[in-house]
Structures are given as C-alpha cells and as structure tokens.
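Each chain, written out:
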Amino acid sequence: MKKHYLIFYFLFAFISSATFAQIALVEKANTKYNTYDFIDARKIYLKVVEKNYGSAEIYRKLGNTYYFNSDYSKAAKWYYNLIDRFPNEALTIDYFRAAQCLKSINQPEEAEKLMEIYRFKGGKITSLDSYKNVADTLFKKGVHDKLFEIEKIPINTEYSDFGPAFYGDNIVFASSRKNPSLSKEQTDELAGWDEQPFLNLYQVSLDKDMNFGKVKAFNKNVNSPYHESTAVFTKDGNTMYFTRNNYLNGKKKRDRDHVVRLKIYKATRNGNSWENIQELPFNSDNYSVGHPTLSPDEDKLYFSSDMPGSLGMSDIWYVKILGEDIYTSPVNLGNKINTAERETFPFVSDENNLYFSSDGHSGMGGLDIFVTNLEENSHGEVSTFGDPINSPKDDFGFIIKEDRIGYFTSNRDGKEGSKSDDIYQIWERCEITIQGPVMDKNTGELIPNAEVTLIDSNNKEVKTVTVGNDATFTFLLDCQEQYTLRAKKEKYHPKEKVIETPNNPKTIKMPIKLNMPLALELSDPCPPNDLGCRLTLQPIYFDYDKSNIRPDAEIELAKILAALKEYPTLKIHIESHTDSRGNDLYNSRLSENRAQATLDWFLKKGIDITRLTAKGYGESELINKCNNQTTCSEDEHQLNRRSMFIIKE
C-alpha cells in the first residue's frame, strides 16, 4: 500500500512539474504575443503544442502569428486545428480568418463553407459594388476595360518595400533594407514582429518619362532607430506627416503592456532638412495611430487607428485641421467603411476618392484594396477591384494621380510566409484602335481575304490578319508611336500606310485601298518602269557621307520586298545617287556603295541575285539646282542622296 502511494505521489509530482513548466512557457509566450513579438511567441507556442498541451487559445494565437505575417497556409492549419478540436471555443472571427486564408491559398470552395458558418454565427459581410470598368474608375477615361498596366518597379529589394507617397518629383517609401548611410543602430536591430530590420523612409526621384533615379535614405532627422513608414506631404512640399514608433527626442515610450505603439508625427522643411518634429495631439501611448493621408484641400487628415471607439482591429478615422497644430477630435468613418477586422493604409486622391485596404470586407484573400468617394457629409458605397490590382495575397498602400499614374504594395510574388512586400506601378495604357476595310482603289469594292500586317517602328511584324467577307481589320496600337499598315492581295499591288498615333485614346477609321493588278493598269500616272512611283514609295535617303540603310529607309524597302515576293518574275535595277558635295570620283564610289548596300539588303531578305542589279550614278543626275556652283540647304541636298528602283523588261 505504501509502495503504491509512493508511486502515485512521484507520478503526480512529475505531471504537476511538467504542467507547471508548460504553464510557465505559455505565460512567457503570451507576454511575447501581447507585445507583438510574434516570432518569439510562435516558437514558444510550438514547443508547448509539441508536448500535447494545445488549447483553443494557443491554436488561435499560433494562427494569428502566421496570419498577421501573411503566411496564410500555416495560419489555415492552426485555425483548422482550433475549429476541429475545440469547436465550442472557436470564435466567429476564427472562421472568418480561416476562410480568408483559404482564399489566399486558392481553396475557394472550402473558404465558402467556412464563410457560411461565419454568417450563421452572426458574422457580417458588407455588400460591395464591384467596378466592372476599372480603368474608368482609376483614370477617369471611358475606354476599354482594364486599359492599364501593372509592373513591379526596379527599386525593390529582398527586404520589405512598401507604402509609397508622392513628394514632388519623388516617391518616398518605407523599407527594411540595410543602408550604409544609416547608423548601425538604425539598421541592424530586428523587429520582433517579422524578424526584419526596422523600417526607415527612403526616397527616389522620377523623371518625366517615369524612370527612377538612385534610391537614398530620407532625412536623418526623420529616420530613427525604430520604425518609420507611410508619409504624406502637403502640396507645397513644406510639411510632412509620417508614421513612427512611439519615439521622440531619443526617448521610447510603451503602453501598459510594454508595447511600443505607432504614432503620427509632423515635420516642417527647412532648406534640405526636416525639423520641428512633433507628435500630433490625438496620439496616445495606449493605442496606435498611423498611415496618414490628406484630403485634396488639405483641411482633413485621415489615418488608421485602433483607438477607443474603433469597430475592429483598426479603423479609418479623420480629424479636421483648424489651424497651425490645431485639430478636432478624431471622427470614425463608420460601418460602411470600417469592419470588425483591419481597415488601414488610407489614401485620398485629388478626385476625393478614398482608397484603403481591408481584410474585413469580402475580397480575394488577405488585404485587398477598396475605394469609396468621400462626400461632404456622407460616405458613398465601398467598391472593390478585382484582378490584377487585388490578388489572393496582401495588396495595400495604394496611391494614385488619376490623370496619370499610381503605385501600390503587394506580396503576391513572394514565397509563402516571407515578408517580401514589393511596390508596383500602375499606369494608363493609352491605346488606339485602328479599323478599316480593304478596298479596291478604282471600284471601291471590298476585297475579302486580303492580308493586313501591322509593323512597329523597328520594322518588326506585330500581327497579321486575313480579313473576312466584310474585308475589315482591327488593330490595337499604343499612343504616340509610329506604325506601318501593310495590305496585300493576289494580283494587287501591296500597299502600306505609315501611322503616327495621337496621345489620347480613340478609334480611327483607316481604309486601305489597293491598286488594280499591274496588267490591268491602263492609265497609270507613273512612268511604266518606275516601281517606286507605282508603290507610292517615299525616297530612300542616306545620311551625308554614309551608305548604311537607315531605319526609315527600311520601311520603304519593305514595300519593294513585298512586291518582289508577290511577283516572282519581277526584276529590278537599283539606282543610287549622291548630292553634289565632294569630288566627282568620290561621289561615284559613294553612290556605288549605296547601291550595293541596298542590293545586299534584299539579298539578306532572301531575294535571288539574278533578279537584282545595282549601279551608282554619283552626282550625275541631280534632281534640283544644287550643283557645285549653288548654295543649298541640308534638306535640299538630301533630296539628291536617293535610291530608285527601275522595273527591268
């Protein structure tokens, strides 16, 4: 009896000791979790779970540590464990976050099942309008759907780069990259949230063609040893508001749970420096305020905060700016915009559209970008963008100049669980629609089955179509570019048109009229043997003292090439001429070189040598007054530096 008692005692003591040890670990993990040190908290929770001491709270917090670091597949695993093992303790929000995770890892059917449970348990889903014409919304153009392009910009690094802001001809953004111009204290310490270096602000210049300059650290008075991110600048460039940890004048402050919160700070420019850094009066040590943006008239400051009165984890608020450092009390934007989850990264455009990110509104997964128009006394309906602006991953930090260009942040290209936020550029793709029938020049009748080719400014074929019974072709072209349209049909002359596209989207009607077959041309205004005239060929010009084929000449030579391919028996003689400058013998040699360069061009395109002859005539056949005794302009001399193409009998 005594032996059994002793065995029970020692077993109880062992279990109690192990239990107390796990309790101590959980308490330590909770302390880390409550101070947003998610990485260390996660490591401890995982050790506890390995010992089979899991609970609904531990699974939920494990899921959250992955969820808030965008590792949605691992977050889904722990939310599922929570729902499966502790269904009675699962919260409504657990179902919502699990569903969001499943959307992000491309499991929409399973996500919808969890959303049904979420709704059954009383969860609310806001009804949203979906913009069908995204380009019309973003760029104020009533043009084709999705008429814009998105591209990752070249300033991104392997670290987190996000939160762009317009600053004159510059973009200011946040990055956790290491930078030698910053102190070791400012770059080496890792943040417990995601184990990346602390964020600092950087800036990069943009030229008129939207090319980026060299990235450099923003002002040293603004960047601190802790996080800085998301700035906004007044239009005169003299005042900025930015997000920073609760750190000012070398002192860091914490809330009652020892968390260093976020605050909005204001700074004013003095020459090339930013000074007079001060926190805004509605900040608090006990909640976070960040991600500022200004209204178009700069009399309101919008921001994100979890201050008392918030509907969810963070809401979008605003204050009115009444004067120098005078602000009203914060006003919540209400439940049309704010949800029980995160609404963050607001941006107000010049058109008074509020763009923001949320994982509380129904979207594609993770944080998605939404938009609403801000009216004087009310807020319109929230609308969502689909692909390609939103993705199953996190999309946020959207800014735009609605007459030109925009930027946003996404981790869509990163590996699952990595904090590889990158900045993307979005711009209107100005596109021209060219339409027209292929017609007979003399009769006006349609020519079905004609072949029409679009050629770019580098003389490369973009697309070729064969027209149907309506003889109509349609091509989409970029604005402010040069193209060539080439049409051909058996027994007809090929025809080309050079197009200089305008700088605004439009549809241009452009019929192509083909000449009658060569054998039927009875009243041709061209000399019978001048192929260049028959094909309305522009002169083949050469640069002064040069014999190389210029790009503009290649476009014209392509017309001759098309005729040679269309009529296999056609043979031509190439005549090359110079202007009068230089001595006669030299010009004779130069013209011979030009004639040979033209002949070689056709040979490289596959034309048999037996169909071609070439000869240089020097300055012996000038077509204007510009001889050795006459002073002429460069343009007048160029008229004589030409090639001609004569049909051989």
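Residues numbered from 1 in each chain as written. Predicted model: local features only at pLDDT ≥ 70, side-chain atom pairs only at ≥ 80, totals over all residues. Heavy atoms only, no water.

A separate point is the state of the cysteines. Counted by the stated rule, this structure contains 1 disulfide. Across the disulfide from Cys626 sits Cys632; the S-S distance is 2.1 Å. Between Cys626 and Cys632, the disulfide has an S-S torsion of -105° and is therefore left-handed. You can call Cys626 buried: its relative accessible area is 1%. Judged by relative accessible area, which is 16%, Cys632 ranks as buried. (Disulfide = S-S within 2.5 Å. Buried < 20%, exposed > 50% of the residue type's maximum accessible area, 1.4 Å probe, protein only.)

Among the 7 residues in strand β24 (residues 422–428), 6 count as buried, and that is most of the element. The pairing of strand β2 (residues 148–152) with β24 spans 5 bridges and is antiparallel. In the strand pairing of β24, Lys152 is matched with Tyr424. In this structure, strand β23 (residues 405–410) lies alongside β24, joined through 6 bridges in antiparallel fashion. In the strand pairing of β24, Ser410 is matched with Asp422. (Helix = DSSP H or I, 4+ residues; strand = E, 2+ residues; numbered from the N terminus. Pairing = 2+ DSSP bridges.)

When pLDDT is averaged along the protein, the result is 80; 83% of the residues meet or exceed 70. Summarising per-element confidence for the protein, the mean pLDDT is lowest in helix α1 (residues 2–34) (45) and highest in strand β14 (residues 300–305) (96). Contacts from residues 1–20, a stretch scored under 50 in pLDDT, to residues over four places away or in other chains number 2 contacts. The model gives residues 129–135 a pLDDT under 50, and that stretch makes 24 contacts with residues more than four places away or in other chains. (pLDDT = per-residue confidence, 0-100. Contact = heavy atoms within 4.5 Å.)

A positive phi is found at Asn276, a non-glycine position, where the angle reads about 55°. Within the secondary structure, Asn276 sits in strand β12 (residues 273–279). A positive phi angle, near 60°, is found at Ala471, a position not held by glycine. Tracing the chain through its elements places Ala471 in the loop between β27 (461–466) and β28 (472–478). The exposure class of Ala471 is buried, given its relative accessible area of 0%.

So, on to the sheet that holds β27. A sheet is described by the order of its strands in space; here 4 strands give the open sequence β27-β26-β29-β30, paired in antiparallel fashion. For this open sheet the edge positions go to β27 and β30 (495–500), each flanked by a neighbour on one side alone. If you compare each strand with its neighbour and ignore which way they point, the axes differ by 15° on average. Looking at chain direction, strand β26 (residues 451–455) and strand β29 (residues 482–488) are connected through 5 bridges and run antiparallel. Its bridge partner lying in β29, Thr453 is registered against Arg486. Packed onto the sheet, helix α10 (residues 551–566) meets β29 and β30 and runs at close to 15° relative to β29. (Axes fitted to C-alpha atoms, helices over the stretch in contact; angles between N-to-C directions.)

Running from N to C, helix α4 (residues 72–85) and helix α5 (residues 92–104) cross one another at 145°; their axes reach a closest spacing of 9 Å. Judged by the twist between their axes, the crossing of α4 over α5 is left-handed. Here α4 contributes Tyr72, Ala75, Ala76, Tyr79, Tyr80, Leu82 and Ile83 to the contact with α5, which in turn contributes Asp94, Tyr95, Arg97, Ala98, Cys101, Leu102 and Ser104. (Left-handed = near helix turned anticlockwise from the far one by under 90°.)

Here the focus is the packing of α10 against helix α11 (residues 584–604). With their axes 11 Å apart at the nearest point, α10 and α11 run at an angle of 55° to one another. Judged by the angle between their axes, α10 and α11 are oblique. α11 is crossed by α10, and the crossing has right-handed handedness. Seen from α10, the contacting residues are Glu554, Leu557, Ala558, Ile560, Leu561 and Leu564; seen from α11, they are Thr598, Trp601 and Phe602. Considered class by class, the residues forming the contact of α10 with α11 number 7 nonpolar, 1 polar and 1 charged. (Parallel < 35°, antiparallel > 145°, perpendicular 65-115°, else oblique. Nonpolar A, V, L, I, M, F, W, Y, C, P; charged D, E, K, R; others polar.)

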